[in-house]
Number of protein chains: 2
Amino acid sequence: MGSRPNIPDIVIGRLPIYLRALYRMIQEEKEYTSSQELGERLGISSAQIRKDLSHFGEFGKQGTGYNIKFLHEKIRQILQVDREWLIAVVGVGDLGHAIAHYRGFAPRGFHVAALFDSAPTKIGEQIGGLTVMPVSAMKDEIHRQKIQVAMLSVPAEHAQQVANELIGAGIRAILNYAPITLAVPPDVRVQYIDPVAHLQHMTYYLRS
Amino acid sequence: MGSRPNIPDIVIGRLPIYLRALYRMIQEEKEYTSSQELGERLGISSAQIRKDLSHFGEFGKQGTGYNIKFLHEKIRQILQVDREWLIAVVGVGDLGHAIAHYRGFAPRGFHVAALFDSAPTKIGEQIGGLTVMPVSAMKDEIHRQKIQVAMLSVPAEHAQQVANELIGAGIRAILNYAPITLAVPPDVRVQYIDPVAHLQHMTYYLRS
DNA sequence: AATTTTCAGTGAGAAAAATCACAAGGGAGA
DNA sequence: TCTCCCTTGTGATTTTTCTCACTGAAAATT
């Protein structure tokens, strides 16, 4: 896809939000939308949306707006979610279970392809059609299936160590559910999910 | 605690990150840290950390740095998590179950105090010491317990409607797990948890 | 056919956020 | 006490991000 230099990360981060809204519009069987309508739904200015999209091409038509399916597909291509990504889940406690059962990954480009845990009691357990494997088998299995993305749902104390092993096994993107900032080499991407951090962010504003 | 005007939201959003790191340091029985050390752990510049904290007061000492417990407590006060917040969870599918069982809320200031679902088969179910109640009982129960925060884990199609009911019941902060942007009045805070959006953000960069 | 409305894309400018770099305070050791 | 080393808090500056406002094109209306 040739040269795509220097697009701000904050712009990339908004594309999945646009995708999500477009997906809803497809379900609503809408055909066209405008930057203004999209912006109103998302609480984002229309100029912001137009400028974001302009980094990647010209997807709209003056007077008409954007064809929803077309724009949806274009953003999927940009984000590379017009294919399926395999995911390894490490740590199958309550959270890992919920992740393994979650039906929302598949329709948006992701497929949970392997489950790992270190607790001997959990090895062999069947979850959502997959068998929990020992962490010692992680590297081989990740290579065998060519898995590139991992979700980390182990306790905070073990997260860094497991992350190191994942990176050693070739993983280049980690979605970390443990409430700890990971140290990783610059070619590895990490994103964080910390519900408590979000809650704490909101309670700041709950002053009467 | 008087006037605290105009502090950028992006600064507020980093405070929970600092809190998380300080909490870890307390567990490691460290006593002092510096903006530089903290920054290295978090991948944030030391100047950024100092400037962020300077919005709220002077918490460090030249030559010494920050007393970890003291700074931790100060940030807890700023975020108002030096008390316990009660949370209502709406939607007890797999995700709602995982939330209800999650042990990570309590030590960081939050207590799941009520569970709601609309499916008659789920009403009455016991989860983590709580009984699932019907959505129709939501308003009364939220008032009775004076719950101010809610977590929304219902399907996307119902999220907006349930959010409306929550707001009608007096909820002022919503952590939304449904992959949809909610429309809410300006005095209601919403934060989003969408793992797939994070994954899609990362796959952008997975070009070889 | 002419006019009006709608809406994308974009350069210029404004606003916000991050970084720089330094003065000054505090501790440790000589 | 004096000197050296750390480290904070912060004004100044740079960088990044967002918004404004306009051009031009397409559609809708008269």
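Residues numbered from 1 in each chain as written. Chains lettered and ligands numbered in written order. Predicted model: local features only at pLDDT ≥ 70, side-chain atom pairs only at ≥ 80, totals over all residues. Heavy atoms only, no water.

## With respect to the protein's contact with DNA strand C
So, point 1. What surrounds DNA strand C is a group of 26 residues, the closest being A:S35, A:R50, A:E58, A:F59 and A:Y66.
So, point 2. Protein-proximal atoms of DNA strand C, defined as those within 4 Å of the protein, fall in sugar or phosphate at a share of 63%.
So, point 3. Those elements giving two or more residues to the surface near DNA strand C turn out to be α3 (46-54), β2 (60-61) and β3 (65-67) of chain A together with α1 (9-27) and α3 (46-54) of chain B.
So, point 4. With 4 residues, the top contributor of residues to the surface near DNA strand C is α3(B).
So, point 5. Considering only residue class, the surface near DNA strand C consists of 5 nonpolar, 13 polar and 8 charged. (Near = heavy atom within 4 Å. Helix = DSSP H or I, 4+ residues; strand = E, 2+ residues; numbered from the N terminus. Nonpolar A, V, L, I, M, F, W, Y, C, P; charged D, E, K, R; others polar.)

## Digging into the sheet that holds strand β1 (residues 32-33) of chain A
Residues and elements named next belong to chain A.
So, point 1. Spatial ordering of the open sheet is given by β1-β3-β2, a layout of 3 strands whose pairing is antiparallel. Edge positions in the sheet fall to β1 and β2, since each has one partner strand and no second.
So, point 2. Where β1 lies against β3, 2 bridges are found, and the strand directions are antiparallel. Bridging from a neighbouring strand, Y32 pairs with N67 of β3. (Pairing = 2+ DSSP bridges.)

## Comments concerning the interface of chain B and chain A
So, point 1. Listed by partner, the interface residues are 57 residues for chain B and 58 residues for chain A.
So, point 2. Both faces considered, chain B and chain A share a buried interface measuring about 5,900 Å² in area, 62% of it formed by carbon and sulfur atoms.
So, point 3. Here chain B and chain A share 4 salt bridges between them.
So, point 4. In this structure, A:R108 engages B:D194 in a salt bridge whose closest nitrogen and oxygen atoms are separated by 2.9 Å. (Contact = heavy atoms within 4.5 Å. Buried area = accessible area lost by both parts, 1.4 Å probe. Salt bridge = Lys/Arg side-chain N within 4 Å of Asp/Glu carboxyl O.)

## A closer look at the domain arrangement of chain A
So, point 1. Assigned domains within chain A: domain 1 (9-79) and domain 2 (85-197).
So, point 2. Between the C-alpha centres of domain 1 of chain A and domain 2 of chain A the distance comes to 31 Å. (Domains from an automatic or database assignment.)

## Details of the nonpolar core
So, point 1. Ranked by internal contacts, the top residues of the largest apolar core, which has 91 residues, are A:F56, A:I75, B:F56 and B:I75.
So, point 2. Not counting residues within four places of it along the chain, the set of residues in contact with B:I75 comprises B:L15, B:Y18, B:L19, B:L22 and B:L53. (Core = buried A, V, L, I, M, F, W, Y, C linked by side-chain atoms within 4.5 Å. Buried < 20%, exposed > 50% of the residue type's maximum accessible area, 1.4 Å probe, protein only.)

## Overview of the protein's contact with DNA strand D
So, point 1. Near DNA strand D there are 24 residues, and of these A:R14, A:Q62, B:S35, B:R50 and B:Y66 occur at the shortest range.
So, point 2. Sugar and phosphate atoms constitute 62% of the interface atoms of DNA strand D, taking the interface as everything within 4 Å of the protein.
So, point 3. One of the side-chain nitrogen or oxygen atoms of A:S45 is found 3.1 Å away from a phosphate oxygen of DNA strand D.
So, point 4. Take A:R50: an N or O atom from its side chain is 3.3 Å from a base nitrogen of DNA strand D.
So, point 5. Secondary structure elements with two or more residues in the surface near DNA strand D: α1 (9-27) and α3 of chain A together with α3, β2 (60-61) and β3 (65-67) of chain B. (Polar contact = N/O pair within 3.5 Å; in protein donor to acceptor, adjacent residues only side chain to side chain.)

## Points about the relation of the copies chain B and chain A
So, point 1. Of the two same-sequence chains, chain B is brought onto chain A (RMSD 0.0 Å, axial shift 0.0 Å) by a rotation of 180°. Taken together, the turn and the small shift mark the pair as related by a two-fold rotation axis. Every residue of chain B has its C-alpha some distance from the rotation axis, and the shortest such distance is that of B:A98, at 3.1 Å.
So, point 2. A share of 100% of interface residues in chain B that are also interface residues in chain A marks the association as one of identical surfaces. (Least-squares fit on C-alpha atoms with pLDDT ≥ 70 in both.)

## Re helix α4 (residues 68-79) of chain B
So, point 1. Counted at 1.5 Å a residue, the expected span for α4(B) with its 12 residues is 16 Å, and the 16 Å between its end C-alpha atoms agrees.
So, point 2. When we look at burial in α4(B), the residues that qualify are B:I68, B:L71, B:H72, B:I75, B:I78 and B:L79. For α4(B), the buried positions fall inside an angular range of 125° around the axis, keeping them on one side.
So, point 3. Buried residues along α4(B) sit in contact with α8 (195-203) of chain A together with α1, β1 (32-33), α3 and β3 of chain B.
So, point 4. Immediately downstream of α4(B), the backbone of B:Q80 shows phi near 65°, a positive value. (Expected span 1.5 Å × (residues − 1). Arc of directions from axis to C-beta.)

## Section: the packing of α1(B) against α4(B)
Residue and element names in this part refer to chain B.
So, point 1. With their axes 9 Å apart at the nearest point, α1 and α4 run at an angle of 145° to one another. Where α1 crosses over α4, the handedness of that crossing is left-handed. Residue-level contacts link I12, L15, P16, Y18, L19, L22, Y23, M25 and I26 of α1 to I68, K69, L71, H72, I75, R76, I78 and L79 of α4.
So, point 2. Class assignment for the residues of the contact of α1 with α4 results in 14 nonpolar, 1 polar and 2 charged. (Axes fitted to C-alpha atoms, helices over the stretch in contact; angles between N-to-C directions. Left-handed = near helix turned anticlockwise from the far one by under 90°.)

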